[in-house]
Amino acid sequence: MYNYFMVVGRLCNDIDVKQLGDGRKVVNLTLAVGREFKNNDGTYSTDFIRISLWEFLADIASDNLKKGRVIGVKGRISPRHETLQSGAVVPINDLIGERIVFYDSINEASSIEADMEDES
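As the structure is a computational prediction, the values presented were derived from the model and not from experiment. (Residues numbered from 1 in each chain as written. Predicted model: local features only at pLDDT ≥ 70, side-chain atom pairs only at ≥ 80, totals over all residues. Heavy atoms only, no water.)

Novice: Help me out: how do you make sense of the layout of surface pockets in this one?
Specialist: Over the atoms, a rolling probe the size of a water molecule traces out where space has been left empty. Put simply, the largest pocket is a space of about 190 Å³. Taken together, V26, N28, R50, I51, S52, W54, R80, N93, D94, L95 and I96 form the lining of the largest pocket. Each residue belonging to the lining of the largest pocket can be placed in one class, and the counts come to five nonpolar, three polar and three charged. (1 Å grid on protein atoms, 1.4 Å probe; cavity = no way out; pocket = protein on both sides within 12 Å on 5 of 7 lines; lining within 4 Å. Points joined across faces, edges and corners; volume = space filled by probe spheres on them. Nonpolar A, V, L, I, M, F, W, Y, C, P; charged D, E, K, R; others polar.)

Novice: How should I be thinking about the pattern of salt bridges in this particular structure?
Specialist: Here the idea is simple: oppositely charged side chains can pair when their charged atoms come close. A full pass over the atoms with the stated rule returns six salt bridges. Residue D47 pairs with R35 through a salt bridge whose shortest N-O separation is 2.8 Å. One end of the pair, D47, is in strand β4 (residues 44-54); the other, R35, is in strand β3 (residues 25-38), and 12 residues separate them in sequence. On the accessibility criterion, R35 (36% relative accessible area) is partly exposed. The partner of R80 in a salt bridge is E82, and the shortest N-O contact between them spans 2.9 Å. (Salt bridge = Lys/Arg side-chain N within 4 Å of Asp/Glu carboxyl O. Helix = DSSP H or I, 4+ residues; strand = E, 2+ residues; numbered from the N terminus. Buried < 20%, exposed > 50% of the residue type's maximum accessible area, 1.4 Å probe, protein only.)

Novice: Honestly, unusual backbone geometry in this entry has me stumped. Any pointers?
Specialist: Where the residue is not glycine, phi is negative for most of them; where a peptide bond is considered, it is trans in most cases. For E55, which is not glycine, the phi dihedral falls at a positive 50°. Topologically, E55 is positioned in the loop between β4 and α1 (56-64).

Spelled out as structure tokens, the structure:
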């Protein structure tokens, strides 16, 4: 069994590190990922993918990422359920980043990986 995702896209906003009540740091970022095929209207769609980075990677993101930068994120899918006001329970899949790849040019990339033992 394997729980894994990989996304390459353009950062939609500047990084905002949040500190939780228990002292852990988290960054929620959104990547714009263009589809490689046209939709029914004959245009290319863009998906907006929300990813969380914790602790060490939150610090790295804060120090190195700005809106518009192209990055790759590898990580795991963390499933959970949320109860709506109507009482319906809906499944939600959170994306937790475990490695960031910085694409500084088309031929150059560097990466940073987190030790995920202490991560959420």
